[in-house]
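Listed below are the residues making up each chain.
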Amino acid sequence: MELEIIDTPTDEMREAVNVQLRVHNQTANPVFWQARERPENDSRPLNVFAFDDDRQVVGGLFGTTQFSWLKIDIMAVTEPRRGEGVGTALLSRAEAAGLARGCKYAFTETMDFQAPEFYQLAGYRVAGAIDDWDSHGHTKYFLAKDL
């Protein structure tokens, strides 16, 4: 056996590895993979925007829903509007839409200098943390909530 570090593997090389993982996963969990292939179970975007009176964006949330989960990818509020409830409103609206789509849970990730306390106040629990995630001393938190 020969081992080699390759910075830019070919598509064929990548697929030779990926196919092995897919085959294993499909064998180990066939019910999930069969359900995942049905169009009604496709991941759906869920994007919420907050506008001021002049229709300027003052905040937004980008997420997806799939199966029983709402995933919050990004949420941000303009600096002058922070602390006014914009983030809470965005999150509540996304969670309500997730529930309407059949979601039972929500999850996100955030850095210690971003918003872990905000999510915890909204009912999220820390599901995991990785210290020094950015190699500069900051912790990344993974948070989840039952909707």
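Before reading on, note that the structure itself is shown above.
Now for a quick tour of the structure. (Residues numbered from 1 in each chain as written. Predicted model: local features only at pLDDT ≥ 70, side-chain atom pairs only at ≥ 80, totals over all residues. Heavy atoms only, no water.)

What follows deals with the overall build of the protein. A tally of helices and strands in the protein yields four helices and six strands. For 147 residues, the compact-globule formula gives about 15 Å, and the C-alpha radius of gyration of the protein, at 19 Å, lies well above that figure. Each of the three principal axes of the protein carries a C-alpha extent, and together these read 60 × 40 × 30 Å. Looking at the protein as a whole, 24% of its 147 residues qualify as buried. Restricting the contact set of the protein to residue pairs at least 6 apart, pairs at least 24 apart contribute 47%. A total of about 10,300 Å² of accessible surface is found on the protein, and carbon and sulfur atoms cover 53% of it. If the 15 positive side-chain charges of the protein are averaged to one point and the 23 negative ones to another, these points end up 10 Å apart. (Helix = DSSP H or I, 4+ residues; strand = E, 2+ residues; numbered from the N terminus. Rg over C-alpha atoms; globule rule 2.2 N^0.38 Å. Buried < 20%, exposed > 50% of the residue type's maximum accessible area, 1.4 Å probe, protein only. Contact = heavy atoms within 4.5 Å. Areas by Shrake-Rupley, 256 points an atom, 1.4 Å probe, with all protein chains shown as cover. Lys, Arg positive; Asp, Glu negative; His and termini not counted. Charge placed at Lys NZ, Arg CZ, Asp CG, Glu CD.)

Before going further, it helps to spend a moment on the side chain of Thr 139. Tracing the sequence through the fold places Thr 139 in the loop between β5 (125-130) and β6 (140-146). A relative accessible area of 10% places Thr 139 in the buried class. Of the polar contacts made by the side chain of Thr 139, one reaches the side chain of Asp 131; its length is 3.2 Å. Setting aside residues up to four positions removed in sequence, Thr 139 forms contacts with Thr 110, Met 111, Asp 112, Ala 129, Ile 130, Asp 131 and Asp 132. (Polar contact = N/O pair within 3.5 Å; in protein donor to acceptor, adjacent residues only side chain to side chain.)

Now for a nonpolar patch on the surface. Residues Phe 49, Phe 51, Val 57, Phe 62 and Ile 74 make up a contiguous nonpolar surface patch of roughly 440 Å² in combined accessible area. For the nonpolar patch, the elements supplying multiple residues, two or more each, are β1 (44-51) and β2 (57-66). Looking at the secondary structure, you find Phe 51 in strand β1. Under the relative-accessibility criterion, Phe 51 is labelled partly exposed at 37%. (Patch = residues over 30% accessible without salt bridge, like charges linked within 9 Å, V, L, I, M, F, W, Y side chains within 5 Å. Salt bridge = Lys/Arg side-chain N within 4 Å of Asp/Glu carboxyl O.)

Counted under the stated rule, the structure contains seven salt bridges. Two residues, Arg 38 and Glu 40, come together in a salt bridge whose shortest N-O distance is 3.0 Å. Assessed through its relative accessible area of 57%, Glu 40 is described here as exposed. Residue Lys 71 is joined to Asp 73 by a salt bridge in which the shortest nitrogen-to-oxygen separation is 3.2 Å. The class for Lys 71 is partly exposed, based on a relative accessible area of 31%.

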